[in-house]
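Observations on chain architecture
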Amino acid sequence: MISGAAGQGIDTVAGILEEGLFKAGFHVFSNKDYMSRVRGGNNFIQIRFASDEVYSHSNKFDYVIPLDTVAYNENKALLNQTPFIMDLSLKTEDHKNILAENFKLMAKEAGNEKAITSSLIGYLWKLYGLDLDILEETINRTFSEKLAEVNISACRKGYEAPSVENQIQSKGTSKDFIFINGNQAIAFGALMAGCKFYSAYPMTPSTSVMNELALYAEKYPIIVEQAEDEIAAINMAIGSSFAGVRSMTGTSGGGFSLMVEGLGLAGISETPLVIVDSQRPGPATGFATRTAQGDLSFVLTASQGEFPRVVLAPKDQEDCFSLSFKAFDIADKYQVPVFIMTDQYLSDARKTIEAFDPDDFINKSYLAELNNIPDYSYERYKLNESGISPRIYPGQYDNQIVLQDSYEHDEKGHDTESAFFGKEMMDKRMKKLNGFEKDIMEPEILGIPYSEIMIVSWGSTYGSLKEAVKKLNDEDINIFALHFNYIWPLPQKHLEKFSSRVKKIITVEHNYTGQLAKLIKQETGISVTDKITGYDGRQMSPEEIYTRLKEVL
Amino acid sequence: MTSVFNNDFEIAWCPGCGNYGILKALKKALEMSGKKPAEVTIVSGIGQAGKTPHYINTNGFNGLHGRALPLASGVKISNPEQLVIIHGGDGDGYGEGGNHFIHSLRRNLDMNYFVHNNQIYGLTKGQASPTSAIGTKSGIQPGGTIMEPINPLKLAMSLDCGFIARGFSGDPDHLAELMLEAFSYKGFSYIDILQPCVVFNKVNTFSWYKEKVYKLEDSYDFTNPEKAWEKINEWDKKIPLGVIFKREKPEYFEKASLVNPPGVKHSDPKIYWDELLEMYK
């Protein structure tokens, strides 16, 4: 763990360390914990690496690197079990676990005191017995030429300092792996799905989706528009989708509150749309830079009236890519709004995953082809058996027009107050998802199925939960989890199949009331017996879930 | 008049409503432009003006109250071949959607924003609007509104709008000419259209306007901002009609200078797959 104040370069140094470890062939997982400020405070980044897949962060550390006194004091409780690597100037007591060197001097001799972080990671690199060339290459890539020189020199001085070292065997190659955070994976999946327009208003922790797509826009066919507010953002995305391109908007709960009327517009006008909600604790401004799963009930029912929607919640970085890709397919196929619900933890956490294989992802167009119909006879809301009317965009045919409406409308798209269309159009919209069963994914089973204790969970808790369940299984405690990434419409087959045989059902969620548990109860009548909920803005670690599960078993 | 832009959908405006003149002007301007119905998209919000897309044979999207501009912006950005026209009212555009007006001017997409300004809320039956004069009485403001009215042209002028005009629903031929000029202007063009509400606005009636409006002379220099400010401030005695201010400025796509513009044609972006993967290795 590296801990320090905002503005001390903690992101940069952690980035170098993570990428260096990734390049050295390790599976890396990094978790970002930061405050809503530009300078000062206490932020930390936890980096976990191993030869095999790493699913989550952990609260056990090999080393802690405090960058200032605040960071040292914040983490002091760990000192008895964990060595601290730190500058001499921070040392106020003698403790066997304090590994203090004059890192500041090393950086100064290298040319700049600010390069102290490079000396620190050089030292750490040596303790792990890793190849210095890899770290130097990473530093080289991170900085401009002159800064790279100073930092490499500072890093070498750090590397030469320790007399002892651990011996860690690198896995050797990581060439088929990538190292990516959740929001980057969502952006990547969106571009590959043919998303050509993204409009949003900056809001932590969703902003990095926009940053990533803006980076793509420098080279690839996508336009990113920073809207004046979230209301404009969602309306732009709807307009763009109506005009013929796949579109997405993204925000966090507060911004989504402003988008709600737009969501209803997408619903009644049957405009395909993908919405990313990267959750943080609410209500109102809440915890700006922390994590939560508190928006589920809200997203499921947001907007006046009724219309079909789909809610997906990726379980990890790989799933962020897959479900982002899939979201566009579903939105287009069924002409409905589709949500990707992530959270600050998954948005920011970087993980080593296998590179996505293009053969697993098929990009399909659902735009209609019309056969010589009379001029101006196309009907955007044609009533038919599936409820899904053939969709074209303005200008697709030079003898047809397309009319969409936020009012209840007739088949052509004109306002109507007729009771007939009031009923028929509602029936049409509501039956669009009847065929969705073919696309639905049942929850993944973690642990030993048909055990007497079942956990239900969703989204980003996957990694920690997977480790906790494995640990319990290793101790011969029979337990399993149904982990949902398709949330709505709720997949029910596994629930029905497994719930009748279990004695206990425990929900594990990052909210107060157990919103998934409430949804399951509402849809199936199945009640959970215990709740493990977290609502302090911090992601539960495998150790915490393990301990709390043991308490209720 | 037979026109490819006519449709047979029943019009729900009151008899004598100023909107008929605006619709007539719009159809005439589109005829003159040579555009086909499939090449035009009319976007609106909610209000009497918001019904416009239903009464004309073009592409259309009747969206949310106040949100026509961002909805239209999405259309124009993603399908730039379309001639995009936004119709809204004073409540829709200057009240509910005021923020979008400001930022649409900054964005400067090549779109045409036509505001049916009758200085009153029609659809909700007669409340004061952002352009109602002080003292306008209504069920909600029985003693008369105490809010100062917006002069929307001042707002547009102060935000450097490149095309500002004022039209009158009582002179559809002149209005059609203004609309045609707006279509050919490259950037965000804005026409505030004075329009009597025959039911709820008993002050700013057809004859009230008829007495005050005059067409700007041919000698008027619409490129001169000082003259434009003078004309924009005329209201109490005389109200000028015509292009009040016009100047060239870079529109959205010129500013954005996209390396790889997307377009509406479906394409499979998988050709970029490996290149993107490299970013994360």
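Values in this document were obtained by computation on a predicted structure and should not be read as measured data. Sequence order as written defines the numbering, with residues in each chain counted from 1. Here the convention is simple: chains get letters from A, ligands get numbers from 1, in the order in which they are written. pLDDT decides what is reported in this predicted model: residues at 70 or higher carry local features, side-chain atom pairs at 80 or more are listed and counted, and totals for whole chains, interfaces and linings draw on all residues regardless.

Digging into the overall build of chain A
For chain A, the helix and strand inventory stands at 18 helices and 21 strands. C-alpha atoms define the radius of gyration, and 2.2 Å times the number of residues to the power 0.38 defines the globule rule. Relative to its length of 553 residues, chain A is compact, with a C-alpha radius of gyration of 26 Å against a globular reference of 24 Å. Here chain A holds 553 residues, and 54% of them are scored as buried. By the convention adopted here, residues make contact when the C-beta atoms placed from their backbones lie within 7 Å. Counted over contacts in chain A with a minimum sequence separation of 6, partners at least 24 positions apart contribute 74%. To qualify as a helix, a DSSP run of H or I must reach at least 4 residues; to qualify as a strand, a run of E must reach at least 2; elements of each kind are numbered from the N terminus. Buried residues are those with 20 or more other C-beta atoms within 10 Å of their own C-beta, exposed residues have 12 or fewer, and partly exposed residues lie in between; C-beta atoms are placed from the backbone.

A closer look at the packing of helix H2 (residues 68–78) of chain B against helix H4 (residues 98–107) of chain B
Residues and elements named next belong to chain B. Running from N to C, H2 and H4 cross one another at 30°; their axes reach a closest spacing of 9 Å. By the criterion of interaxial angle, the relationship of H2 to H4 is roughly parallel. Across from Leu 69, Pro 70 and Ser 73 in H2, the residues of H4 making contact are His 100, Phe 101, Ser 104 and Arg 107. Three classes are used: nonpolar for Ala, Val, Leu, Ile, Met, Phe, Trp, Tyr, Cys and Pro, charged for Asp, Glu, Lys and Arg, and polar for all others, with Gly counted as polar. Here the residues of the contact of H2 with H4 are counted per class, giving three nonpolar, three polar and one charged. The axes used here are C-alpha line fits, helices contributing only the stretch in contact, and every angle between their N-to-C directions lies in the interval 0 to 180 degrees. Roughly parallel means an angle under 35 degrees; roughly antiparallel, over 145; roughly perpendicular, 65 to 115; everything else is oblique.

Description of the packing of helix H15 (residues 462–474) of chain A against helix H18 (residues 542–552) of chain A
Residues and elements named next belong to chain A. Their axes nearest at 8 Å, the elements H15 and H18 cross at an angle of 50°. Classified by the angle between their axes, H15 and H18 sit oblique to one another. Of the two elements, H15 crosses H18, and the hand of that crossing is right-handed. Residues Ser 464, Leu 465, Glu 467, Ala 468, Lys 471 and Leu 472 of H15 form the contact with H18, whose participating residues are Pro 542, Ile 545, Tyr 546 and Leu 549. Each crossing is labelled by how the near helix is turned from the far one, with a counterclockwise turn of less than a right angle marking it left-handed and a clockwise turn marking it right-handed.

Focus: the nonpolar core
Of all hydrophobic cores here, the largest spans 219 residues; its most connected members are A:Leu312, B:Ile164 and B:Met179. Sort the elements by how many residues they give to this core and helix H12 (residues 317–334) of chain A lands first, with nine residues. Contact partners of B:Ile164, with chain neighbours within four places excluded, come to B:Leu153, B:Ala156, B:Met157, B:Tyr190, B:Ile244 and B:Phe245. A set of buried residues qualifies as a nonpolar core if it consists of Ala, Val, Leu, Ile, Met, Phe, Trp, Tyr and Cys joined through C-beta atoms within 7 Å.

Some thoughts on helix H6 (residues 145–160) of chain A
Residues and elements named next belong to chain A. Here H6 is 16 residues long and its end C-alpha atoms lie 23 Å apart, about the 22 Å a rise of 1.5 Å per residue gives. By the burial criterion, the buried members of H6 are Asn 151, Ile 152, Ser 153, Ala 154, Cys 155, Lys 157, Gly 158 and Tyr 159. Here the buried face of H6 lies against helix H3 (103–110), helix H4 (116–127) and helix H5 (132–142). Take the number of residues in a helix, subtract one, and multiply by 1.5 Å to get its expected span.

Comments concerning the sheet that holds strand S12 (residues 310–312) of chain A
All names here are of chain A. Strand pairing requires that DSSP identify at least two bridges connecting the strands. Ordered in space as S9-S8-S10-S11-S13-S12-S19, the seven strands form an open sheet in which the pairing is mixed. The open sheet has two free edges, formed respectively by strand S9 (223–226) and strand S19 (486–488), since each of these has just one partner strand. Averaged over all pairs of adjacent strands, the angle between strand axes in this sheet comes to 20°, irrespective of strand direction. Of the strand pairs in this sheet, strand S10 (residues 246–251) and strand S11 (residues 273–279) are connected by four bridges, and their pairing is parallel. In the strand pairing of S11, Met 248 is matched with Val 274. Most of the contacts of helix H7 (residues 182–192) go to strand S13 (residues 337–343), to which it runs at about 155°, and overall it touches strand S8 (195–200), S10, S11 and S13. In the packing of helix H10 (residues 253–269) onto the sheet, contacts are made with S10, S11 and S13, and the angle to S11 comes to roughly 160°.

With respect to the sheet that holds strand S7 (residues 213–215) of chain B
Strand order in the open sheet formed by nine strands is S15(A)-S2(B)-S1(B)-S3(B)-S4(B)-S6(B)-S5(B)-S8(B)-S7(B), with mixed pairing between adjacent strands. Each edge of the open sheet carries a strand with a single partner, namely strand S15 (403–405) of chain A together with S7 of chain B. For this sheet the average axis-to-axis angle between neighbouring strands, irrespective of direction, equals 20°. Inspection of the sheet shows strand S1 (residues 40–44) of chain B paired to strand S2 (residues 59–62) of chain B by four bridges, in the parallel sense. In the strand pairing of S2(B), B:Ile42 is matched with B:Gly60. Sitting on the sheet, helix H6 (residues 172–184) of chain B touches strand S3 (83–89), strand S4 (112–117), strand S5 (163–168), strand S6 (189–194), S7 and strand S8 (239–246) of chain B, and the angle it makes with S5(B) is about 160°.

Details of the environment of A:Val469
Residue and element names in this part refer to chain A. Secondary-structure assignment places Val 469 in helix H15. Judged by local crowding, Val 469 falls into the buried class, with 27 C-beta atoms found within 10 Å. Distance from Val 469 to Phe 480, taken between C-alpha atoms, is 6.7 Å for residues eleven residues apart in sequence.

Re the interface of chain A and chain B
Contacts between chain A and chain B engage 57 residues on the former and 48 residues on the latter. Only strand S7 (177–181), H7, S8, S9, helix H9 (230–242), H10 and S15 of chain A provide two or more residues apiece to the side of chain A that touches chain B. Sorting elements by how many residues they give to the side of chain A that touches chain B places H9(A) first, with nine residues. When grouped by side-chain class, the residues that make up the side of chain A that touches chain B number 32 nonpolar, 15 polar and ten charged. Of the strand pairs in this sheet, S15(A) and S2(B) are connected by three bridges, and their pairing is parallel. Counted as the bridge partner of A:Asp405 is B:Asn62 from S2(B).

Comments concerning the environment of B:Leu123
Residues and elements named next belong to chain B. Along the polypeptide, Leu 123 turns up in the loop between S4 and helix H5 (152–158). With 15 C-beta atoms counted inside 10 Å, the residue Leu 123 sits in the partly exposed group. Taking C-alpha positions, Leu 123 is 5.5 Å from Gly 47, a pair spaced 76 residues apart along the chain. Among all residues touching Leu 123, those that are not within four sequence positions of it are Gly 47 and Gln 48.

What to know about the pairing of strand S14 (residues 350–354) of chain A
Residue and element names in this part refer to chain A. The element S14 is extensively covered by neighbouring structure, given that four of its five residues are classed as buried. Of the strand pairs in this sheet, strand S2 (residues 27–33) and S14 are connected by two bridges, and their pairing is antiparallel. Across the sheet, residue Ser 30 finds its bridge partner in S14, namely Arg 350. The pairing of S7 with S14 spans five bridges and is antiparallel. Looking at the pairing, Ile 178 lines up with Ile 353 of S14.

What about the domain arrangement of chain A?
All names here are of chain A. Entries for chain A in the domain assignment read domain 1 (2–160), domain 2 (179–360), domain 3 (367–437) and domain 4 (444–552). Boundaries of every domain are those given by an automatic assignment or by a domain database. Put simply, the middle of domain 2 and the middle of domain 4, counted by C-alpha atoms, are 25 Å apart. Between domain 2 and domain 4, the contact holds 25 residues from the first and 22 residues from the second. Looking at the side of domain 2 that touches domain 4, the elements with two or more residues in it are helix H11 (296–301), S12, H12, S13 and helix H13 (344–348). Considering only residue class, the side of domain 2 that touches domain 4 consists of 14 nonpolar, five polar and six charged.

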